[in-house]
Amino acid sequence: MNAYVDPDLCIGCTQCAGLCPAVFQMEGTLAVAQPGPIPPEEVPQAVDAANACPVSAIRIEE
Ligand code: F3S
């Protein structure tokens, strides 16, 4: 699974980076997702982060 942050939607609320710092980091005021597959042990936290995003900017795909 891979995570993506839509930079046009992200409002920089930082919840994703707080919930799953292994996958999401803040770069300035926007979050970015680590490229490449999400480590299996991080998938639940990444899904939590996607669900927590108030503007649904995070996509998690196979
Ligand atoms: Fe942005 Fe949503 Fe994360 S607004 S900082 S992608 S929780």
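As recorded in an unreviewed UniProt entry, the protein chain goes by Ferredoxin and comes from Faecalibacterium langellae. What the UniProt record of the protein chain gives under Function (unreviewed entry) is the line "Ferredoxins are iron-sulfur proteins that transfer electrons in a wide variety of metabolic reactions."

(A) Representation of the nonpolar core. Core analysis: the biggest nonpolar cluster contains 17 residues, and Val5, Phe24 and Ile58 have the highest contact counts within it. If you tally residues by element for this core, the top one is helix 2 (residues 43–52), at 4 residues. If we ignore the near neighbours within four places in the chain, the residues touching phenylalanine 24 are Ala3, Val5, Cys16, Ala17, Val32, Ala33, Ala46, Ala49 and Ile58.

So, how was this worked out
Residues numbered from 1 in each chain as written. Predicted model: local features only at pLDDT ≥ 70, side-chain atom pairs only at ≥ 80, totals over all residues. Heavy atoms only, no water. UniProt positions renumbered as here; feature names shortened; annotations may be inferred. Core = buried A, V, L, I, M, F, W, Y, C linked by side-chain atoms within 4.5 Å. Buried < 20%, exposed > 50% of the residue type's maximum accessible area, 1.4 Å probe, protein only. Helix = DSSP H or I, 4+ residues; strand = E, 2+ residues; numbered from the N terminus. Contact = heavy atoms within 4.5 Å.

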